[in-house]
Amino acid sequence: MSAGSIPTLELLTIPEVADLLRVSVPTVRRLQEQRRIPFTKIGGSVRFIRGDVVAYVQQERVESIG
C-alpha cells in the first residue's frame, strides 16, 4: 500500500449478506440483532464489512470428526 492510499472496504447491505450466505433476509436481521455478525450504521442504514462476514462463517465452522 502506498503512502496516502486508503484501504478499500467492501460494505454489504442486508440483502447482499443474505445472498452471500445463502440465507433469508430475516435470518441476517436476526444475526445482526443478536450481535452475532459485526455491523456498522451509516446514515441509519445497516452495513456489513465483507471481511467480518467471512470471519463469522469461519468462526462458525465445525470440523469433521474423521
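Throughout, a residue's number is its position along its own chain's written sequence, starting from 1. Under the rules for a predicted model, residues below a pLDDT of 70 receive no local features and side-chain atom pairs below 80 are neither given nor counted, while totals for whole chains, interfaces and linings still include all residues. Side-chain measures were taken over the full set of non-hydrogen atoms in the model, leaving aside hydrogen atoms and water.

A. Expanded view of the packing of helix H1 (residues 14–21) against helix H3 (residues 50–60). Helix axes are fitted only over the stretch in contact, all axes being lines through C-alpha atoms; the angle between N-to-C directions runs from 0 to 180 degrees. In this text, helices come from DSSP runs of H or I with a minimum length of four residues, and strands from runs of E with a minimum of two, each type numbered from the N-terminal end. Packing of H1 against H3 brings their axes to within 11 Å, and their N-to-C directions diverge by 40 degrees. Both H1 and H3 take part in a crossing whose hand is right-handed. Residue-level inspection shows Val17, Leu20 and Leu21 of H1 in contact with H3, the latter providing Arg50, Val53 and Val57. For this classification, Asp, Glu, Lys and Arg are treated as charged, while Ala, Val, Leu, Ile, Met, Phe, Trp, Tyr, Cys and Pro are nonpolar and the rest, including Gly, are polar. A per-class count over the contact of H1 with H3 returns five nonpolar, no polar and one charged. What makes a crossing left-handed is the near helix being turned counterclockwise from the far one by less than a right angle; a clockwise turn instead makes it right-handed. Should any heavy atoms of two residues lie within 4.5 Å, those residues are counted as being in contact.

B. Geometry of H1. Burial here depends on accessible area, computed with a 1.4 Å probe over protein chains only, as a share of the maximum for the residue type. Under 20% is buried, over 50% is exposed, and the range in between is partly exposed. The set of residues buried in H1 consists of Ile14, Val17 and Ala18. The buried residues of H1 occupy an angular sector of 100 degrees when the element is viewed end-on, so they sit on one face. Of the exposed residues in H1, the ones pointing more than 90 degrees away from its buried face are Pro15 and Asp19. Residues of H1 that are buried make contact with strand S1 (11–12), helix H2 (25–33), strand S3 (45–49) and H3. A positive backbone phi angle near 55 degrees is found at arginine 22, which sits one or two residues after H1. Comment: arc refers to directions from the helix axis out to C-beta atoms.

C. View of the pairing of S3. Of the two faces of S3, the one lined by Val46 and Phe48 is fully buried and the one lined by Ser45, Arg47 and Ile49 carries no buried residue. Alignment of S1 against S3, held across two bridges, turns out to be antiparallel. Looking at S3, one finds that leucine 12 is bridged to phenylalanine 48. Bridging between strand S2 (residues 40–42) and S3 involves three bridges; their strand directions are antiparallel. Across the sheet, lysine 41 pairs through a bridge with valine 46, a residue of S3. Turn length for the S2-S3 hairpin, with the two strands adjacent in sequence and antiparallel, is two residues, and the turn residue glycine 43 shows positive phi of about 60 degrees. Think of it this way: DSSP has to see at least two bridges between two strands before they count as a pair.

D. Summary view of the nonpolar core. Counting residues in hydrophobic clusters, the biggest one holds eleven residues: Leu12, Ile14, Val17, Ala18, Val28, Leu31, Ile37, Val46, Phe48, Val53 and Tyr56. Of all the elements in the fold, those that place two or more residues in this core are H1, H2, S3 and H3. Ranked by the residues each element gives to this core, the list is headed by H1, at three residues. Apart from the residues lying within four places of it in its own chain, the contact partners of valine 17 are Leu12, Val28, Phe48 and Val53. For our purposes a nonpolar core is just a set of buried Ala, Val, Leu, Ile, Met, Phe, Trp, Tyr and Cys residues, chained together by side-chain atoms within 4.5 Å.

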